[in-house]
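Analysis of the macromolecular model
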Amino acid sequence: MTSIKQPGEKELMFFSGRAYPELAQEVAENLGVSLTPTKLIDFANGEIYARYLESVRGCDAFVIQSHTGPINKWIMEQLIMVDALKRASAKRITVVMPFFGYARQDKKGRGREPITARLMADLFKTAGADRLMSIDLHTSQIQGFFDGPVDHLFAMPVLENYLKNKLDLANTTIVSPDTGRVRLSERWADTLGTPMAFIHKRRDLDVANSVKVSEVVGRVRGRTCVLIDDMIDTAGTICKAADALFEQGASDVIVAATHAVFSDPAVDRLKNSNISEVIVTNTLPLPEEQRFDKLTVLSIAPLIARAITEVFSDGSVTSMFEGDS
């Protein structure tokens, strides 16, 4: 079955780019549909061509693409797919991006800088997207960059359900690696019923991915600390935060993050650190060379599939996280 139809009007069709077909297939299985056959090829000069092999007229289209490396190619491919759907008369187009590319460029820190996250939202709107869906945006303000509905999903329930079964919550502290994640840490701490701490850090604005850790604020001595973040890129922040926690007497450090970007030298840093476990979701593909013994990968596909179902049926995405409609 390549679509879901509701009598008289609605038809859900699910499309995937080439960046991460494994996640797309898993989401499709959870939805109970097949991926719509799509021809995607590269011309000799690198241009991308897209054509759908079935009629998409009047459908409710969901286009998934993970913004992994080479990130610019896969973003462009998704834009082209959206444009093709618009020109083929799809009724409504929802862009599903488990990881929102360029999300860290969400404000001007200094003069003469771009706000590329806003540019991303504008590009998808211009291409023809009616709605965006993403998981754990770097900052919530990105929702306001898109002129239309944005479904901001949270991986916290997936990560929490895993951790609940292995932690002694009475001896656990949730730790934010910087002040920007304090609100997220508070949500974790409230849900799990644990205390929280945070690490004050300073970043060198002239050197990319350069972090200086200053001090730990909160109860960590003799406790298991769970460091949480939205993404792990080069792992500099997380590893320095873990070192700071051990210096303050933490008995163990576990890391939980949504997006495993894992730019070099992240894998080496994590493997050689004192962190006992790194828990991530599969919003981004992880090749075998980026997997290591301490890494646990949880599937986000059921969450995405449920959100798509709620959007398609005009249900409540909010109820997935707040328990009400």
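The sections below set out a description of the structure shown in this document. Keep in mind it's a predicted model, so treat the numbers as computed, not measured.

1. Concerning the packing of aromatic side chains
- All told, the structure shown has four aromatic pairs when counted by the stated rule.
- With centroids separated by 4.8 Å and ring planes inclined at 65°, the aromatic side chains of phenylalanine 15 and tyrosine 52 adopt a geometry described as edge-to-face. Of this pair, phenylalanine 15 sits in strand 2 (residues 11-16) while tyrosine 52 sits in strand 4 (residues 48-52), and the two are 37 residues apart along the sequence. Grouping residues by exposure puts phenylalanine 15 and tyrosine 52 together as buried.

2. Things to note about the side chain of threonine 172
- Positionally, threonine 172 belongs in strand 9 (residues 172-176).
- Judged by relative accessible area, which is 0%, threonine 172 ranks as buried.

3. Describing the pairing of strand 2
- Most of strand 2 is tucked away, with six of its six residues classed as buried.
- Neither face of strand 2 is exposed, since Glu11, Met13 and Phe15 on one face and Leu12, Phe14 and Ser16 on the opposite face are all buried.
- Bridging between strand 2 and strand 5 (residues 60-64) involves five bridges; their strand directions are parallel. Each residue of the ladder has a partner; that of serine 16, found in strand 5, is isoleucine 64.

Definitions and limits used
- Residues numbered from 1 in each chain as written.
- Predicted model: local features only at pLDDT ≥ 70, side-chain atom pairs only at ≥ 80, totals over all residues.
- Heavy atoms only, no water.
- Phe/Tyr/Trp six-rings, centres within 6.5 Å; stacked < 30°, edge-to-face > 60°.
- Helix = DSSP H or I, 4+ residues; strand = E, 2+ residues; numbered from the N terminus.
- Buried < 20%, exposed > 50% of the residue type's maximum accessible area, 1.4 Å probe, protein only.
- Pairing = 2+ DSSP bridges.

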